[in-house]
Amino acid sequence: VIYHKKVKDDVLALKEVRRVLKPGGVFVLRVPANQYLMSAHDRHVHTARRYERNELIGKIKKAGLSLRQISFVHSPIFFLSLARIFFERITNEPNSSAVGNLNPILNKCLTVVLDLEASLISRGIPLPLGQGLIVVATRKG
C-alpha cells in the first residue's frame, strides 16, 4: 500500500522491500494509476497518490529493484471509470467507496474479461492504459 496517505516516502518503503527480499526474490506490486483518476473512492480509502507508469519505473529503480515487467491493469473498465469520475466531479459527489455488491451475471462477465487481461499480462503483453499498474521486480544480488 505504498500509495496510502500514511506512507510518507514510497521510495523508502520500496527500499525496505528490497532489504527484506532475498537476492533473486520476486516482488509483485499493484498500485492505482493516473493521478487524473483520483476519485471519491480514493479519498475514502486514503489514497495519497496514483502513479504514472514512468514515475513508478523510476521509483522501482531508485529503490534498487530490477524491473522485470510493468503493465496497466483493469484496462477493459478504464473508460467506464473515466466516465464515472467525470460525473462525480460535476455532481460534487462526497467521498465514498465505489465498492459494493454487483449483479452476479455482470460480476461473472467482468471476471471473465479481467481473467483474459491477466492472461495477456502473464504472457508478457503489457497493456497501454488502465486504472492501475502492476509491477514484477526482483532484487539483484
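Draft legend 1. Quick peek at the overall build of the protein chain. Per the secondary structure count, the protein chain includes five helices and three strands. Secondary structure of the protein chain in N-to-C order comes out as α-β-α-α-β-α-α-β. On the principal axes, the C-alpha backbone points of the protein chain span a range of 50 × 35 × 25 Å. For the protein chain, with 141 residues in total, the buried portion stands at 35%. Of the contacts made within the protein chain by residues no fewer than 6 positions apart, 81% connect residues no fewer than 24 positions apart. Entry remark: accessible area of the protein chain is about 8600 Å², with carbon and sulfur atoms responsible for 61%. Separation between the mean location of the 22 positive side-chain charges and that of the 10 negative ones in the protein chain comes to 7 Å.

What counts and what doesn't
Residues numbered from 1 in each chain as written. Predicted model: local features only at pLDDT ≥ 70, side-chain atom pairs only at ≥ 80, totals over all residues. Heavy atoms only, no water. Helix = DSSP H or I, 4+ residues; strand = E, 2+ residues; numbered from the N terminus. Buried < 20%, exposed > 50% of the residue type's maximum accessible area, 1.4 Å probe, protein only. Contact = heavy atoms within 4.5 Å. Areas by Shrake-Rupley, 256 points an atom, 1.4 Å probe, with all protein chains shown as cover. Lys, Arg positive; Asp, Glu negative; His and termini not counted. Charge placed at Lys NZ, Arg CZ, Asp CG, Glu CD.

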